[in-house]
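Working through the structure, step by step
Here are the chains, one letter per residue:
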Amino acid sequence: MSKNKIQIFDTTLRDGEQVPGCKLNTEQKVVIAKQLDGLGVDVIEAGFPVSSPGDFKSVEAISKIVKNATVCGLTRAVENDIKVAAEALKYAKKPRIHTGIGTSDSHIKFKFKSDRETIIQRAFDAVAYAKSFVEDVEFYAEDAGRTDNEYLARVCEAAIKAGATVLNIPDTTGYCLPSEYGAKMKYLMENVKGIEKAILSCHCHNDLGLATANSIEGVINGARQIECTINGIGERAGNTALEEVVMVLKQHPYLNLDTNIDTTRLYGISQLVSDSMGIYTQPNKAIVGANAFAHSSGIHQDGVIKNRETYEIIDPKDVGVTESAIVLTARSGRAALAYRAKNVGYELTKLQLDDVYANFLDFADKKKEINDTDIYQIIETSNVYQ
Ligand code: KIV
Ligand code: ZN
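Within each chain, residues carry numbers counting from 1 in the order of the written sequence. Labels are handed out in written order, letters beginning with A for the chains and numbers beginning with 1 for the ligands. Totals for whole chains, interfaces and linings use every residue, but because this is a predicted model, local features are given only for residues with pLDDT of at least 70 and side-chain atom pairs only at 80 or more, for both listing and counting.

Under an unreviewed UniProt entry, the name given to the protein is 2-isopropylmalate synthase, and the organism recorded is Olleya aquimaris. UniProt positions are given in the numbering used here, feature names are shortened, and annotations may be inferred rather than shown by experiment. In its Sequence similarities (unreviewed entry) section, UniProt records this for the protein: "Belongs to the alpha-IPM synthase/homocitrate synthase family. LeuA type 1 subfamily." Taken verbatim from the UniProt record of the protein, the Pathway (unreviewed entry) comment is "Amino-acid biosynthesis; L-leucine biosynthesis; L-leucine from 3-methyl-2-oxobutanoate: step 1/4."

Encoded structure:
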């Protein structure tokens, strides 16, 4: 059975760049955009053109060089934003305008000092205006996570009537539980008139650490696009991590959902984004963290050396990591020591290993981690090698 394609909408260069203290110049953004295109993302959100001349320039430059992906620019539901975005996107092979407005009661009351009917009209007008420039228009209902489903369905219907091709349902504040976000998508799939003319998109923030789980629940319940960033970077606790949702779908083939991503490029692009933005990736970060394929306790090391699958659900090569790491610490056993010793050229017999291991434990108690140079010294100073 052929699988349902999930579009990957990368917003590293827009929502991702909203990380406090981070700023990329146009040249850096172009390098990242090229790599995202090579990675196989379907959409690159290149920036928010009206927000600054620098952002306009970046969206324009990215529009010129991207070969395969759709290039998208963000706007508010404001005519001038939309006009400026259309101008910045004019060189794109496949341009998309991403326009929208807040739909939760708190956004309507406090941000817009408006009412529900006026917001529906503004949503309709923004999409219709964007449609006068480009065919592909995505509408976002900001804070959809805290918008009641009945009203949200009416806003979506207005956007579809005006010509929206994608309906973005952001959990802007990272509030929803996975079951709640999934139920929201199901409700919209079943209740929005004209839904067959558009696709639903997940856009989740990670304030409660649920962004990946929520996005996966969204696509299980009918959404066909996930908005995400490399390393999950973004405002506050960040956005859905691209590498996580892509690998969840790959590792669970029975879900019948897949993406166009070349997963072997995930580690490389993670490093590029981290270095360019100067944002350190936590060692235990899923998929791309330094410890994601590192084994340190004796029991795990023994298992992995016998067969990688005992403690690894992903082949590191599938995400661009050369091999699993067997980290030598005071908690390591003989199997790990023999394995690392062999890697640096020593085939130890059982008797030799017993002796070297005693020396190793002495060393390891004084050091956090034993490196290859230490291994030479440990072996050469053991009784069996005297
Ligand atoms: O989180 C959000 O609601 C957004 C929208 C502007 C799409 O980033
Ligand atoms: Zn966002």
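Quick look at the overall build of the protein
Looking only at helices and strands, the protein features 14 helices and 12 strands. Counting all 386 residues of the protein, 46% fall into the buried class. Excluding contacts between residues fewer than 6 apart, the proportion of contacts in the protein whose partners are at least 24 apart in sequence is 72%. A run of H or I in DSSP counts as a helix once it spans at least four residues, and a run of E counts as a strand once it spans at least two, with each numbered from the N terminus. Put simply, a residue is buried when 20 or more other C-beta atoms lie within 10 Å of its own C-beta and exposed when 12 or fewer do; between those, it is partly exposed, and each C-beta is set from the backbone. Placing C-beta atoms from the backbone, we regard two residues as in contact once those atoms come within 7 Å.

Description of the sheet that holds strand β3 (residues 43-47)
Strands are labelled as partners when DSSP assigns at least two bridges between them. With respect to topology, eight strands assemble into a closed barrel ordered β2-β3-β4-β5-β6-β7-β8-β9, the strand pairing being parallel. Taking each pair of neighbouring strands and ignoring which way they run, the sheet shows an average axis angle of 25 degrees. Two elements, β3 and strand β4 (residues 70-74), share four bridges in a ladder whose sense is parallel. Note that in β4 the partner of Glu45 across the bridge is Cys72. Axis lines are fitted to C-alpha atoms, over the contacting stretch for helices. Their N-to-C directions set the angle, which ranges from 0 to 180 degrees.

Here's the deal with the nonpolar core
Considering soluble globular proteins, one finds that nonpolar side chains tend to be buried as a cluster. Ranked by internal contacts, the top residues of the largest apolar core, which has 94 residues, are Ile44, Ala123 and Ala159. Ranked by the residues each element gives to this core, the list is headed by helix α5 (residues 116-131), at seven residues. Setting aside chain neighbours within four positions, we find Ala123 in contact with Ala77, Ile101, Phe139, Val155, Ala158 and Ala159. A set of buried residues drawn from Ala, Val, Leu, Ile, Met, Phe, Trp, Tyr and Cys, joined through C-beta atoms within 7 Å, is what defines a nonpolar core.

Section: the site of ligand 1
Any residue whose C-beta atom, as placed from the backbone, lies within 6 Å of a molecule or strand is termed near it. Every residue near ligand 1 is listed here: Asp15, Tyr140, Glu142, Asn168, Pro170, Thr172, His203 and His205. At the level of secondary structure, the elements contributing two or more residues to the shell around ligand 1 comprise β6 (136-142) and β7 (166-171). Of the residues that constitute the shell around ligand 1, the class distribution is two nonpolar, four polar and two charged. In the scheme used here, Gly and all other residues not listed as nonpolar or charged are polar, with Ala, Val, Leu, Ile, Met, Phe, Trp, Tyr, Cys and Pro taken as nonpolar and Asp, Glu, Lys and Arg as charged.

Observations concerning the UniProt feature "domain: Pyruvate carboxyltransferase" (unreviewed entry) in the protein
Feature annotation in UniProt places "domain: Pyruvate carboxyltransferase" (unreviewed entry) on residues 6-267, given in this structure's numbering. In the segment residues 6-267, helix accounts for 42% and strand for 18%; the C-alpha atoms at its two ends are 21 Å apart.

A look at the environment of Lys34
Among the structural elements, Lys34 can be located in helix α1 (residues 26-39). Since 15 C-beta atoms lie within 10 Å of it, Lys34 is described here as partly exposed. For the pair Lys34 and Val66, spaced 32 residues apart in the sequence, the C-alpha separation amounts to 6.4 Å.

Thoughts on the pairing of β7
By the criterion of burial, β7 is predominantly enclosed, with six of the six residues buried. Every second residue of β7 is oriented toward a common face, with Val166, Asn168 and Pro170 on one face and Leu167, Ile169 and Asp171 on the other, all of them buried. When β6 meets β7, the two strands line up parallel, connected through three bridges. Paired with Tyr140 across the bridge in β7 is Asn168. Handedness of the crossover is the feature at issue here: the chain leaves β6, passes through helix α6 (residues 149-162), returns alongside β7, and the resulting connection is right-handed. Note that β7 and strand β8 (residues 199-204) share six bridges and pair parallel. Along β8, the bridge assignment pairs Asn168 with Ser201. Note on handedness: a clockwise path from strand one over the helix to strand two, with the strands aimed away from the viewer, defines a right-handed crossover.

Let's talk about helix α14 (residues 372-380)
All buried positions along α14 are accounted for by Ile375, Ile378 and Ile379. Down the axis of α14, the smallest arc covering the buried residues is 90 degrees, so these residues share one side. In α14, the exposed positions that point more than 90 degrees away from the buried face belong to Thr373, Gln377 and Glu380. The inward-facing, buried residues of α14 abut α12 (334-343) and α13 (350-364). The directions considered for the arc are those from the helix axis to the C-beta atoms.

Looking at the environment of Met185
Tracing the sequence through the fold places Met185 in helix α7 (residues 178-191). In this structure Met185 comes out as buried when scored by C-beta crowding, with 21 C-beta atoms within 10 Å. C-alpha separation for the pair Met185 and Gly222, spaced 37 residues apart in sequence, amounts to 6.5 Å. Once residues lying within four places of it in the same chain are set aside, the contact partners of Met185 are Ile169, Leu200, Gly218, Asn221, Gly222 and Ala223.

Some remarks on the environment of Thr212
Of note, Thr212 is situated in helix α8 (residues 211-220). Each C-alpha atom of the pair Thr212 and Ile6 lies 14 Å from the other, and the pair is 206 residues apart in sequence. Sequence-distant contacts of Thr212, that is, excluding residues within four places in its chain, are made with Thr240, Ala241, Glu244, Val245 and Val248.

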